[in-house]
Amino acid sequence: MPPLKPNPPSPDLPLLTDVRAEALDCPPYVAGLSIEEIQEKYNLSGVIKLASNENPLGCSILVKRALCRKAASAFRYPQSGSPKLHKAIADHFRVDPAQVVCGNGSDELIDLLIRIRAVPGTHNIVAFKPCFALYEIQARFAGVEFRQAPLKADFTFDMPALLALTDENTRLAFITTPDNPSGHCPPVEEIIALAQALPPACLLVIDEAYMDFCDDVARHSLFPRLAEFPNAVILRTFSKAYGLAGMRLGYAFAPVPLADALRRVRLPFSINLLAEAAGIAALQDTAFYETTLRAVAEGRDLLSHAFKKMNFTVYPSKANFLLMRPPYTARRFAEDLLARGIIVRWLTSYAMPDFIRISIGNAEENDRLCRTVAEMLHAARA
Ligand SMILES: *Cc1c(COP(=O)(O)O)cnc(C)c1O
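The rules behind each value
- All residue numbers refer to positions counted from 1 along the written sequence of the respective chain.
- The predicted nature of this model means local features are confined to residues of pLDDT at least 70 and side-chain atom pairs, given and counted, to a pLDDT of 80 or more, with totals for whole chains, interfaces and linings taken over all residues.
- Note: side-chain values were computed over all heavy atoms of the structure, leaving out hydrogens and water.
- What counts as an axis is a line fitted to C-alpha atoms, over the stretch in contact for a helix, and the angles between N-to-C directions run from 0 to 180 degrees.
- Here a helix means four or more residues in a row that DSSP labels H or I, a strand means two or more in a row labelled E, and each is numbered from the N terminus.
- Put simply, angles under 35 degrees are roughly parallel, angles over 145 are roughly antiparallel, angles from 65 to 115 are roughly perpendicular, and the rest are oblique.
- In this description, contact between two residues means that some pair of their heavy atoms is separated by no more than 4.5 Å.
- Under the scheme applied, nonpolar residues are Ala, Val, Leu, Ile, Met, Phe, Trp, Tyr, Cys and Pro; charged residues are Asp, Glu, Lys and Arg; polar residues are all the others, including Gly.
- Here a cavity is any set of points on a 1 Å grid over the protein atoms alone where a 1.4 Å probe fits but cannot get out, and a pocket is any open set with protein on both sides within 12 Å along at least 5 of 7 lines; a residue lines the site when it has an atom within 4 Å of a point.
- Grid points are joined across faces, edges and corners, and a volume is the space filled by probe spheres set on the points.
- Reported domain spans reflect what an automatic or database domain assignment gives.
- Only heavy atoms are used to decide nearness, and a residue is near a molecule or strand if one of them lies within 4 Å of it.
- Whenever a nitrogen or oxygen atom comes within 3.5 Å of another N or O atom, the pair is scored as a polar contact, on the condition that within protein one atom can donate a hydrogen and the other can accept it, and that pairs from neighbouring residues in sequence are kept only if both atoms are in side chains.
- Every accessible area reported is derived by Shrake-Rupley at a probe size of 1.4 Å, with residue values counting cover from the shown protein chains alone.

### Some points on the packing of helix α12 (residues 286–309) against helix α14 (residues 363–381)
And then number 1: At a minimum axis distance of 11 Å, the contact between α12 and α14 shows a crossing angle of 5°. The angle between α12 and α14 falls in the class roughly parallel. For the pair α12 and α14, contact is made by Gly299, Leu302, Leu303, Ala306 and Phe307 and by Asn366, Leu369, Cys370 and Val373, respectively.
And then number 2: Of the residues in the contact of α12 with α14, the class split is seven nonpolar, two polar and no charged.

### Describing the layout of surface pockets
And then number 1: Put simply, the largest pocket is a space of about 470 Å³.
And then number 2: For the largest pocket, the lining is made up of 25 residues, of which Tyr29, Ser52, Asp107, Phe132 and Lys240 are closest to its centre.
And then number 3: The element that contributes the greatest number of residues to the lining of the largest pocket is helix α5 (residues 105–117), accounting for three residues.
And then number 4: Residue composition of the lining of the largest pocket, by class: eight nonpolar, nine polar and eight charged.
And then number 5: For the lining of the largest pocket, the domains that each give at least three residues are domain 1 (31–57 + 287–381) and domain 2 (61–284).

### Side note on the site of the ligand
And then number 1: The ligand sits among 13 residues. The nearest are Tyr210, Thr237, Ser239, Lys240 and Arg248.
And then number 2: Within the side chain of tyrosine 210, a nitrogen or oxygen atom sits 2.6 Å from an oxygen atom of the ligand.
And then number 3: One nitrogen or oxygen atom from the side chain of arginine 248 is found 2.6 Å from an oxygen atom belonging to the ligand.
And then number 4: Starting from 390 Å² of accessible surface for the ligand in isolation, the protein chains cover 93%.

Remember that the coordinates give geometry; whether it matters functionally is a separate question.
Here it is as structure tokens:
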């Protein structure tokens with residue numbers, strides 16, 4: 001056998017960039033800045049982060065205890081398929097466990113849905129613009145055409161425009177309700193009409209990452225009537241209302257055959273041992289969950305009122321954040337706040353450079369935010 005000869009290096013195709021064109025074209029996901037980054041950059045202590053819609057109260061004490069109990073088992077593989085967690089979710093929401101699929105964050109479920117439903121180069125996916133960045137990033141990486149219909153000027157949903165983008169090759173339609181970054185939450189009748197009007201081969205994915213914070217779920221979520229819609233999937237997450245963003249745990253309610261297929265293609269241990277224990281414990285602490293919802297609703301009213309009084313345009317929100325247009329440049333507003341140790345989201349990554357999204361904080365954080373902004377505006381006028 002002749003000795004193996006390495007391929008000569010090609011000057012225009014260095015080895016490390018020799019990846020699929022879709023990967024090179026992929027826009028990176030832009031995450032909120034971390035507290036550590038800002039502490040270092042501005043040499044500040046006591047930085048607060050209101051940029052990633054995390055739970056302002058942290059996580060449940062039952063979760064912390066469950067994590068401690070499980071720590072010594074970290075060397076073990078989790079039980080394949082996390083059946084206990086799936087059963088706990090099914091029991092909690094009173095659905096058939098066969099309809100439940102967990103993922104490493106709902107991010108993993110978004111990616112799996114795209115790959116399991118859409119054939120690269122043939123099928124397409126529709127969503128609104130702007131929308132949660134991951135829908136587009138994962139669609140493009142999968143080599144699937146991504147079509148977007150603009151939201152209306154007030155950030156409500158233009159369903160006819162979305163429907164007009166669909167054809168017989170549309171395999172997924174993503175909507176987010178309450179929507180990110182606007183907080184808009186359409187009445188469920190709008191969702192039902194969309195589900196009924198989509199082409200037969202198109203699955204409607206309803207991303208309800210923030211539905212916990214909606215004060216009137218019955219009027220806004222398709223969940224109670226999901227059984228009537230075999231073309232719809234609902235995504236939920238432990239990242240927001242349950243305070244487990246760092247554990248990476250999301251779940252879907254899906255028609256049984258689709259749920260079954262998703263569980264088969266998911267990586268065997270994508271739900272790690274600690275995430276499984278944390279999810280089960282989080283569902284048990286209904287008091288913490290209720291306290292979170294109350295704190296967010298109160299903080300949302302307080303901030304909405306305070307910022308309107310300071311001449312911000314504040315959009316109605318059913319989520320744990322508020323979309324705002326500051327009375328001066330949004331970029332400068334975000335930078336001024338950063339320099340004072342408060343991280344909010346300047347929405348340039350959503351192609352909305354005139355807007356800011358602020359997560360609802362706890363009482364202390366909200367108070368510091370309001371005082372800081374009042375001081376900034378005062379200084380600007382002086
Ligand atoms: C935060 C968020 C999620 C949740 O993502 P996880 O992967 O579960 O942390 C999903 N969709 C939208 C629109 C979000 O804003």
